[in-house]
Amino acid sequence: MSDDRRCEPLTAPRSEVPVPWLDPAPFLRGIAWLDGDRPVRADPEDLERLPWDIAERAALPIGVRIEFTAAPGTRAVELRYRAAVPAPDDPLRALRHCFALWQGTRLVGETCAAPAPEALVRLPLPPDGGVFTLHLPEAQAPLPLALRAVGGALSPAPPRPRWLVHGDSITEGWWSTRPAHSWPATTGRLLGLDTVNLGYAGGARGELPLAEQLARLPGEAITLAFGTNCWSRVPATADWLYATVRAFVGLVRRGHPDTPLLIVSPVLRPEAEHTRNALGATLTELRRAMERAGRDLAAEGDSRLHVLSGRPLLGPEHLADGLHPNDGGHARLARAVAAALSDVLKP
């Protein structure tokens, strides 16, 4: 991943005296479960029923971030964190730990540092204070240890409505150049939601234990955005996907009978649209089956369920590799989901 924005570590002037360190737990957002003190994205008490690849991806804190209110005059926020350090032969070895600070829908700035087992980063704040979101570098599974203000005070940001987003690598954020640019993160900013990212690269193939885990999570809105991995990674037929979507939604509804729920069918995947998989289904046929399952459930009485077709949302120019959106594609997808979710959230 790359970005033309330069990130340089910052040093604090000697005259700025930090206040004592704060426990990061009240500031963390996007949390699904905790395994000890580490945020995870699958129930640690229910991992044995999940495929190994999903359990592995769930250990990454995708979408976990820090949200705080800074008093006027607060000059900076400092964060101590622990993170994995890639092995010498790891192709991600040179990928720096970049922390991005946002205020609403505006990027305030970034600070980057070389990978280290434990380190401190410092991000300057605008003088007027306000509510800020600090996005963490996800790839090395950073664990916040403590944070503090410089020249002022911090408090946890007010809670926002929780939005549970289940999907595959596209939902996880591939190939956005920063975690904050993924479509779930962007949609959450646009609508003022606490996005809980439950996207699993290579997964989201209709695994029913995940539906039961979703049913147990608190949330004020739910989005299911999967299906593309049912074309080739674990091939499915249209009839199988139709039945699986109905079963998946049925299990989610056991814990969320009236929660607004949006189904987003697969976005454009040129190689798969009219090519048959090992079981004879094209992605176009799988997409139609998924949408039909959602619409049938709505017609049968699930008035809080809506369907957004993914096919028209992106063109080939919005794909980084023929499958995953680039930053422009993620932004476009985010706007479409935000518009659809706004309708779903209406009473």
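Residues numbered from 1 in each chain as written. Predicted model: local features only at pLDDT ≥ 70, side-chain atom pairs only at ≥ 80, totals over all residues. Heavy atoms only, no water.

### Things to note about the overall build of the protein
Within the protein, the secondary structure is distributed over seven helices and 16 strands. Relative to the globule expectation of 20 Å for 347 residues, the C-alpha radius of gyration of the protein, 20 Å, shows essentially globular dimensions. Once the C-alpha set of the protein is aligned to its principal axes, its extents read approximately 65 × 50 × 40 Å. By residue count, 56% of the 347 residues in the protein fall in the buried class. Counting only contacts in the protein whose residues sit at least 6 apart along the sequence, the fraction spanning at least 24 positions is 79%. Carbon and sulfur atoms make up 56% of the accessible area of the protein, which amounts to about 14600 Å² in all. (Helix = DSSP H or I, 4+ residues; strand = E, 2+ residues; numbered from the N terminus. Rg over C-alpha atoms; globule rule 2.2 N^0.38 Å. Buried < 20%, exposed > 50% of the residue type's maximum accessible area, 1.4 Å probe, protein only. Contact = heavy atoms within 4.5 Å. Areas by Shrake-Rupley, 256 points an atom, 1.4 Å probe, with all protein chains shown as cover.)

### Some details on the state of the cysteines
With the rule as written, the count across this model stands at one disulfide. Through a disulfide, Cys-98 is tied to Cys-112; the S-S separation comes to 2.0 Å. Disulfide Cys-98-Cys-112: torsion about the S-S bond near 115 degrees, hence right-handed. Residue Cys-98 is located in strand β6 (residues 97–103), and its partner Cys-112 is located in strand β7 (residues 106–113); the two are separated by 14 residues in the primary sequence. (Disulfide = S-S within 2.5 Å.)

### Section: the pattern of salt bridges
Enumeration over the complete set of coordinates arrives at 24 salt bridges. Here Arg-216 ties to Asp-43 by a salt bridge, and the two come within 3.2 Å at their closest N and O atoms. Taken as a pair, Arg-216 in helix α4 (residues 208–216) and Asp-43 in the loop between β3 (38–40) and α1 (52–57) lie far apart in primary sequence, 173 residues in all. Residue class for Asp-43 comes out buried when judged on its relative accessible area of 11%. For Glu-291, the salt bridge is made with Arg-295, and the minimal N-O distance between the two is 3.6 Å. With Glu-291 and Arg-295 both in helix α6 (residues 283–299) and four residues apart, this pair spans about one turn of that helix. A relative accessible area of 8% means that Glu-291 is categorised as buried. (Salt bridge = Lys/Arg side-chain N within 4 Å of Asp/Glu carboxyl O.)

### Comments concerning the packing of α4 against helix α5 (residues 238–255)
Relative to each other, α4 and α5 sit at 25 degrees, their axes nearing to 7 Å. Viewed along their axes, α4 and α5 adopt a mutual orientation that is roughly parallel. In this structure, α4 crosses over α5, and the sense of that crossing is right-handed. Seen from α4, the contacting residues are Leu-208, Leu-210, Ala-211, Glu-212, Leu-214 and Ala-215; seen from α5, they are Thr-244, Ala-247, Phe-248, Leu-251, Val-252 and Gly-255. Across the contact of α4 with α5, the residue classes tally to nine nonpolar, two polar and one charged. (Axes fitted to C-alpha atoms, helices over the stretch in contact; angles between N-to-C directions. Parallel < 35°, antiparallel > 145°, perpendicular 65-115°, else oblique. Left-handed = near helix turned anticlockwise from the far one by under 90°. Nonpolar A, V, L, I, M, F, W, Y, C, P; charged D, E, K, R; others polar.)

### Points about helix α7 (residues 327–344)
Residues separated by three or four positions in an α-helix point in the same direction, a consequence of the helix having 3.6 residues per turn. Under the 1.5 Å per step criterion, the end-to-end length of α7 is 25 Å for 18 residues, consistent within 8% with the ideal 26 Å. Inspection of α7 places Gly-329, His-330, Leu-333, Ala-334, Ala-336, Val-337, Ala-338, Ala-340, Leu-341 and Val-344 among the buried residues, and these make up the whole buried set. In this fold, the buried residues of α7 make contact with β12 (162–167), α2 (169–172), α3 (183–191), β14 (221–225), β15 (261–264) and β16 (305–308). The N-cap of α7, judged by a side-chain oxygen 3.2 Å from the amide nitrogen of Gly-328 a few residues on, is Asn-326. (Expected span 1.5 Å × (residues − 1). Polar contact = N/O pair within 3.5 Å; in protein donor to acceptor, adjacent residues only side chain to side chain.)

### Description of empty space enclosed by the protein
Summed over all chains, the structure comprises two cavities of 30 Å³ or more. In this model, the largest cavity occupies a volume close to 120 Å³. If you go around the largest cavity, you meet 13 residues; those closest to its centre are Ile-170, Ala-225, Ser-265, Pro-266 and Val-267. Its residues assigned to classes, the lining of the largest cavity shows eight nonpolar, four polar and one charged. Along the walls of the second largest cavity sit Trp-33, His-166, Leu-198, Tyr-200, Leu-210, Gln-213, Leu-214 and Leu-217, which together make up its complete lining. Here the lining of the second largest cavity is composed, by residue class, of six nonpolar, two polar and no charged. (1 Å grid on protein atoms, 1.4 Å probe; cavity = no way out; pocket = protein on both sides within 12 Å on 5 of 7 lines; lining within 4 Å. Points joined across faces, edges and corners; volume = space filled by probe spheres on them.)

### Describing a negative patch on the surface
A contiguous patch of negative charge on the surface is contributed by Asp-35, Asp-37, Glu-45 and Glu-48. Mapped onto the secondary structure, Glu-45 falls in the loop between β3 and α1. (Patch = residues over 30% accessible without salt bridge, like charges linked within 9 Å, V, L, I, M, F, W, Y side chains within 5 Å. Lys, Arg positive; Asp, Glu negative; His and termini not counted. Charge placed at Lys NZ, Arg CZ, Asp CG, Glu CD.)

### Brief notes about the packing of α5 against α6
The N-to-C vectors of α5 and α6 enclose an angle of 35 degrees; their axes lie 8 Å apart at closest approach. Along this stretch, α5 crosses α6, giving a crossing that reads as right-handed. Taking contact as the criterion, the partners of Ala-238, Leu-241, Tyr-242, Val-245, Arg-246 and Val-249 in α5 are, on α6, Glu-285, Leu-286, Ala-289, Met-290, Arg-292, Ala-293, Asp-296 and Leu-297. For the contact of α5 with α6, the per-class residue count stands at ten nonpolar, no polar and four charged.

### Regarding the sheet that holds β15
Sheet architecture is open: five strands sit in the order β13-β12-β14-β15-β16, paired in parallel fashion. Both edges of this open sheet fall to β13 (194–199) and β16, since each of them pairs with a single strand only. Taking the axes of each pair of neighbouring strands and ignoring which way they run, one obtains an average angle of 15 degrees across the sheet. Relative to β13, β12 runs parallel, the two being bridged by six bridges. Across the sheet, the residue bridging to Leu-164 is Val-196, located in β13. Most of the contacts of α5 go to β15, to which it runs at about 155 degrees, and overall it touches β12, β14, β15 and β16. (Pairing = 2+ DSSP bridges.)

### Thoughts on the nonpolar core
Membership of the largest hydrophobic core comes to 40 residues, with the highest contact counts inside it found for Leu-198, Leu-224, Val-245, Val-249, Leu-261 and Ile-263. Of all the secondary-structure elements, those providing two or more residues to this core are β13, α4, β14, α5, β15 and α6. When residues of this core are assigned to their parent elements, the largest contribution, seven residues, is made by α5. Among all residues touching Val-249, those that are not within four sequence positions of it are Leu-224, Leu-261, Ile-263, Leu-297, Asp-302 and Leu-305. (Core = buried A, V, L, I, M, F, W, Y, C linked by side-chain atoms within 4.5 Å.)

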